[in-house]
Amino acid sequence: MQLLHLDSSIQGETSVSRLLSAAVVERYRQRVDGIVVEYRDLAAAPLPHITLPGFATDAAEAVLAEFLAADVVVLGAPMYNLGIPSQLKSWFDHILVAGKTFRYGAGGVEGLAGGKKAVIVLSRGGVYSEGPRAGVEHAETHLRAMLGFIGIDRPQVIVAEGVAMGDEPRRAAIDAALAAIEHVAAAKEPAEA
Ligand SMILES: Cc1cc2nc3c(=O)[nH]c(=O)nc-3n(C[C@H](O)[C@H](O)[C@H](O)COP(=O)(O)O)c2cc1C
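What this report covers is the structure whose coordinates are included nearby. (Residues numbered from 1 in each chain as written. Predicted model: local features only at pLDDT ≥ 70, side-chain atom pairs only at ≥ 80, totals over all residues. Heavy atoms only, no water.)

Re helix α4 (residues 140-149)
Piece 1. Burial in α4 covers these residues: Glu140, Leu143, Met146 and Leu147. Within α4, the buried residues cover an arc of 135° as seen down the axis, which keeps them to one side.
Piece 2. Looking at the buried positions of α4, the neighbouring elements they touch are β3 (72-78), α3 (86-95), β6 (117-124) and β7 (156-161).
Piece 3. Positive phi shows up at Gly151, right after α4, with a value of about 100°. (Buried < 20%, exposed > 50% of the residue type's maximum accessible area, 1.4 Å probe, protein only. Helix = DSSP H or I, 4+ residues; strand = E, 2+ residues; numbered from the N terminus. Arc of directions from axis to C-beta. Contact = heavy atoms within 4.5 Å.)

Dropping the structure here:
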């Protein structure tokens, strides 16, 4: 099994999404003999914004090839300014490629990457799962939409939220997320959302 591990937080050692994405990958390592893990740190080594000529470069093709080779993708994603970091969006701009990961058919868009499993690990400073801010959550919704566009309709989503609301809520959110990670099936198959 090939696993692609992505991080995109700018917050280094204090990052919640990095802590949690590492826990997911560790769970896979413990359960899957011979697993091959590729790691890409999108904050330490940002991909360029996509351009039309940029699609044809060896560097862009290598990013796509790395994704295509993966059975499982673990995405460490912080919420920044109500959405995902531009570094992570740039990665999606490299892998949402017509003819490779989706195509347009008679019935509209058809995802071509549906055989892959994705685990999203998302960290949010405030609370968006309920209450007045639920309607302005554009990180989880965007990630689900982009993965769905290429056929990954049932990502597993682990959320730690309220992590900027004080030490106690932060600790509780991290503990709950770590407990949820204990239930991530370390398998190739897509899981229930
Ligand atoms: C640049 C920046 C923008 C942020 N914007 C938001 C935001 O819009 N809403 C929110 O709830 N938290 C926001 N936060 C808090 C982060 O979501 C929180 O720190 C979370 O843990 C980020 O994941 P990380 O720890 O892996 O970096 C922001 C943090 C930073 C550094």
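Here we look at the sheet that holds strand β1 (residues 2-7)
Strand pairs in the sheet, formed through backbone hydrogen bonds, run parallel or antiparallel to each other.
Piece 1. The parallel open sheet is built from 5 strands, whose spatial order is β2-β1-β3-β6-β7. Edge strands, defined here as strands with exactly one partner in the open sheet, are β2 (36-41) and β7. Ignoring which end each strand starts from, the neighbouring axes of this sheet average 10° apart.
Piece 2. Packing against the sheet, helix α1 (residues 16-31) makes contact with β1, β2, β3, β6 and β7, and its axis sits at approximately 150° to β6.
Piece 3. Here α3 sits on the sheet in contact with β1, β2 and β3, set at roughly 150° to β3. (Pairing = 2+ DSSP bridges. Axes fitted to C-alpha atoms, helices over the stretch in contact; angles between N-to-C directions.)

Section: the environment of Glu66
Piece 1. Within the element layout of this structure, Glu66 appears in helix α2 (residues 58-69).
Piece 2. On the accessibility criterion, Glu66 (18% relative accessible area) is buried.
Piece 3. Each C-alpha atom of the pair Glu66 and Gly83 lies 24 Å from the other, and the pair is 17 residues apart in sequence.
Piece 4. Excluding anything up to four places from it in sequence, Glu66 contacts Leu4, Glu38 and Arg40.
Piece 5. In this structure the side chain of Glu66 is engaged in a polar contact, spanning 2.7 Å, whose partner is the side chain of Arg40. (Polar contact = N/O pair within 3.5 Å; in protein donor to acceptor, adjacent residues only side chain to side chain.)

Here's the deal with α3
Piece 1. Of all 10 residues making up α3, 7 are buried, and the element is well covered by its neighbours.
Piece 2. What α3 keeps buried is the set Gln87, Leu88, Ser90, Trp91, Phe92, His94 and Ile95.
Piece 3. Of the surrounding secondary structure, the elements contacted by the buried residues of α3 are β1, β2, α2, β3 and α4.

Examining the packing of α1 against helix α5 (residues 167-181)
Piece 1. In contact at an axis separation of 10 Å, α1 and α5 are set at 20° when each is read in the N-to-C sense. Looking at the two axes, α1 sits roughly parallel to α5. For the pair α1 and α5, the crossing hand works out as right-handed. Taking contact as the criterion, the partners of Val16, Leu19, Leu20, Ala23, Val24 and Arg27 in α1 are, on α5, Arg170, Ile174, Ala177, Leu178 and Ile181. (Parallel < 35°, antiparallel > 145°, perpendicular 65-115°, else oblique. Left-handed = near helix turned anticlockwise from the far one by under 90°.)

Brief notes about the site of the ligand
Piece 1. What surrounds the ligand is a group of 16 residues, the closest being Ser9, Ser15, Ser17, Ser123 and Gly126.
Piece 2. A distance of 2.7 Å separates an oxygen atom of the ligand from a polar side-chain atom of Ser15.
Piece 3. One of the backbone N or O atoms of Leu82 is found 2.9 Å from an oxygen atom in the ligand.
Piece 4. In isolation the ligand offers 620 Å² of accessible surface; the protein chains occlude 78% of this area.
Piece 5. When contributions to the shell around the ligand are tallied by element, the ones reaching two or more residues are α1 and β6. (Near = heavy atom within 4 Å. Areas by Shrake-Rupley, 256 points an atom, 1.4 Å probe, with all protein chains shown as cover.)

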